[in-house]
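# Inside the fold
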Amino acid sequence: MRPREAYDRTLGLLQKHHEWFKTVLPLIASENVQSPAVREALTTDFGGRYAEGMPGERVYAGCTYIDQVELLAMELARELFKAEHANVQPVSGAVSNLAMYTALTDPGDTMMCLSIAAGGHITMGKKKFGGAAGAVHGLEVEYFPFDEKRMNIDVEATAKKIAEIKPKLVMFGGSLFLFPHPVKELSKVAKEHGAHVAYDAAHVIGLIGGGQFQDPLREGAEVITCSTHKTLPGPQHGMILCKKELADPINRGVFPGMVSNHHLHAVAGLAVALAEMLEFGKEYTAQIVKNAKALGKALYDRGLAVLCADQGFTASHTLGIDVTKYGDGGVIERKLEQASVILNRELLPWDPRQGRHFRNPGGLRLGTSEVTRIGMKESEMGEIAEFIKRVIVDGEETKRVAADVAEFRRDYQRVHYCFESATQAYEYVKIR
Ligand SMILES: *Cc1c(COP(=O)(O)O)cnc(C)c1O
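Predicted model only: the values in this text are computed from it and were never measured.

Strands pair in a sheet through their backbones, by hydrogen bonds, and they do so in one of two ways: parallel or antiparallel. Taken together, four strands build an open sheet; the order of strands is S11-S12-S15-S14 and the sheet is antiparallel. A strand with exactly one partner marks an edge of an open sheet, and here the two such strands are strand S11 (305–306) and strand S14 (344–346). By the bridge criterion, five bridges tie strand S12 (residues 318–322) to strand S15 (residues 363–367) in an arrangement that is antiparallel. Looking across to S15, one finds that Asp-322 is bridged to Gly-363. Here helix H12 (residues 329–338) sits on the sheet and contacts S14 and S15; the angle it forms with S15, its principal contact strand, is near 45 degrees.

In structure tokens, the structure reads:
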């Protein structure tokens, strides 16, 4: 292909993606749409710079403004999460976890966390599965005993297991995260047996900042790792919050442990997102959770096996659905995409036992962060549930549903809960 042709084609595909996303229902639980100001920060010259080390002690020149922005991001993070220390340098949630492992453990130590099937993340995986904890940092991984009905950690059995195996690190949090984890109930026993207590808030950090989920740092966690682009609607990046005593090892775990350049445009975008969260976060995240509960009920009322009906479906942005009655999660995910409903398949805790696996699992996972951000409330959740039902239950032609979704989406084109919204949520911004 001629260079110019590839160049035009790449830019053309980006534009097509933007046009497409104006017409779909974005329901992936780990995704969100950024405010115009965050997008603006991401296009700046910061994206071409380096600044190794902490502000004021950089290894690079030219950091006058970069330092001030990073200090702002750190201050805003400490304020929003009432944290003694914030490190905003990890370039992703995965890198945050690896930096935390580096700071608090040695290869060969044992960590306790959720299994992948129970909602754990690949960065918590065993070496034999290629997970970062085992394969990259050399940790032995032991799973929390899990209560599949309540979709939560079994407190009693876990306390017993902690006393028995004495892990070096107990890590809460996960990627199918419906209800607060028993941090308060288990931190004390973990610490008594010599473990550090960490909490992976990649999914729920926005909810925590908005005061809607749980408050791990007050419940006994010493450190929170996270992504900054899921319920927290910032740029794709990472962040670590911790107690003062851990600030030095955490900073060193990040640099020189895990990053050289730390994506300064994303640090700037994060500062903007944190400021917007301080102003609008409570209202935004309260609506996310209300929407998730409403969507859970609306789907359940239409015959879908939404998990944890007896517990109100969820206390977060996320819902799980068992779709085995209608096929497998992989096939249904693709069908829904043809109908412009974008969500993803999900491995459910009992899937491996029943011979299912992550490509064709028994579940779907949905999140309400993004549809909430573009202005939808509880009544719109009923309409979304109806679109999903038409595809999964009624087997209606996907093209017809897609046309109706596009029509429905027309009124939701702006990002809410931000200071300025002159540019549409999915507008393609050309600066060539
Ligand atoms: C998404 C996620 C991560 C990884 O975050 P990235 O920013 O994609 O690297 C880590 N832990 C959990 C629980 C997650 O859900």
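Counted at 1.5 Å a residue, the expected span for helix H11 (residues 264–301) with its 38 residues is 56 Å, but the 46 Å between its end C-alpha atoms falls short. The principal kink in H11, of about 75 degrees, is found at Phe-280. Positive backbone phi, approximately 95 degrees, marks Gly-303, located one or two places after H11.

The next subject is the site of the ligand. Residues in contact with the ligand amount to 14 residues; listed here are only the nearest, Gly-93, Ala-94, Ser-175, Asp-200 and Lys-230. Interatomic distance of 2.8 Å between a backbone N/O atom of Ala-94 and an oxygen atom of the ligand. In isolation the ligand exposes 380 Å². Once the protein is present, 85% of that is buried. The leading source of residues in the shell around the ligand is helix H4 (residues 93–104), at three residues. Classifying every residue of the shell around the ligand by side-chain character gives two nonpolar, 10 polar and two charged.

Okay, the nonpolar core next. The biggest cluster of nonpolar side chains holds 59 residues, and the ones touching the most others in it are Phe-81, Phe-172, Tyr-199, Ile-205, Met-239 and Leu-241. Going through the elements one at a time, helix H3 (64–81), strand S7 (169–173), helix H7 (183–192), strand S8 (196–200), helix H8 (205–209), strand S9 (223–227), strand S10 (238–242) and H11 are the ones with two or more residues in this core. With nine residues, the single largest contributor to this core is H11. The residues touching Tyr-199, leaving out its near neighbours within four places in the chain, are Phe-172, Phe-177, Val-183, Val-204, Ile-208, Phe-213, Gln-214, Pro-216, Ala-221, Val-223, Ile-224 and Thr-225. Formed by 41 residues, the second largest nonpolar core is a distinct cluster that contains Leu-366, Val-415, Cys-418 and Ala-425.

Here we take up the environment of Glu-279. Examined against the element boundaries, Glu-279 turns out to sit in helix H11. For Glu-279, a relative accessible area of 51% corresponds to the exposed category. Separated by 138 residues in sequence, Glu-279 and Tyr-417 place their C-alpha atoms 8.3 Å apart.

A separate point is the packing of helix H14 (residues 378–392) against helix H15 (residues 398–409). The N-to-C vectors of H14 and H15 enclose an angle of 165 degrees; their axes lie 9 Å apart at closest approach. Taken together, the axes of H14 and H15 are roughly antiparallel relative to one another. Crossing handedness for the pair H14 and H15: left-handed. Contact residues: H14 offers Glu-380, Glu-383, Ile-384, Phe-387, Arg-390 and Val-391, while H15 offers Thr-398, Arg-400, Val-401, Asp-404, Val-405 and Phe-408. Class assignment of the residues belonging to the contact of H14 with H15 gives a composition of six nonpolar, one polar and five charged.

Residues Tyr-50, Val-59 and Tyr-60 make up a contiguous nonpolar surface patch of roughly 290 Å² in combined accessible area. Its location among the elements puts Val-59 in the loop between helix H2 (36–42) and H3.

Criteria and cut-off values
Sequence order as written defines residue numbering, which begins from 1 separately in each chain. In keeping with the predicted nature of the model, local features appear solely for residues at pLDDT of at least 70, side-chain atom pairs appear and are counted solely at 80 or more, and the whole-chain, interface and lining totals rest on all residues. The side-chain figures draw on all heavy atoms in the structure; neither hydrogens nor water molecules are used. Strands are treated as partners if at least two bridges between them are detected by DSSP. Only DSSP runs of H or I covering at least 4 residues are called helices, and only runs of E covering at least 2 are called strands; the numbering of each starts at the N terminus. Every residue pair with non-hydrogen atoms within 4.5 Å of one another is taken to be in contact. Orientation is described by lines fitted to C-alpha atoms, with helices fitted over the stretch in contact, and by angles between N-to-C directions that extend from 0 to 180 degrees. One fewer than the residue count of a helix, multiplied by 1.5 Å, yields its expected span. The bend reported for a residue corresponds to the angle between axes fitted to the seven residues ending at that residue and the seven starting there. Proximity criterion: a residue is near a molecule or strand once any of its heavy atoms comes within 4 Å of it. Here a polar contact is taken to be a pair of N or O atoms separated by no more than 3.5 Å, where protein atoms must pair a possible hydrogen donor with a possible acceptor and residues adjacent in sequence count only if both atoms sit in side chains. Per-residue and other accessible areas follow the Shrake-Rupley method at a 1.4 Å probe size, with only the shown protein chains counted as cover for residues. Asp, Glu, Lys and Arg are counted as charged, while Ala, Val, Leu, Ile, Met, Phe, Trp, Tyr, Cys and Pro are counted as nonpolar; the rest, among them Gly, fall into the polar class. Here, nonpolar core refers to any group of buried Ala, Val, Leu, Ile, Met, Phe, Trp, Tyr and Cys residues whose side-chain atoms link them within 4.5 Å. For each residue, the accessible area found with a 1.4 Å probe, counting protein chains only, is set against the maximum for its type, and the residue is called buried under 20%, exposed over 50%, and partly exposed in between. Small angles under 35 degrees read as roughly parallel and large ones over 145 as roughly antiparallel, with 65 to 115 read as roughly perpendicular and the rest as oblique. In this scheme the handedness of a crossing depends on how the near helix is turned from the far one: anticlockwise by less than a right angle means left-handed, clockwise means right-handed. Residues enter patches when their relative accessible area tops 30% and they take part in no salt bridge; the joining distance is 9 Å for like charges and 5 Å for the nonpolar side chains Val, Leu, Ile, Met, Phe, Trp and Tyr. In the sections that follow, a salt bridge refers to a side-chain nitrogen of Lys or Arg positioned within 4 Å of a carboxyl oxygen of Asp or Glu.

Shape descriptors only; they carry no functional weight alone.
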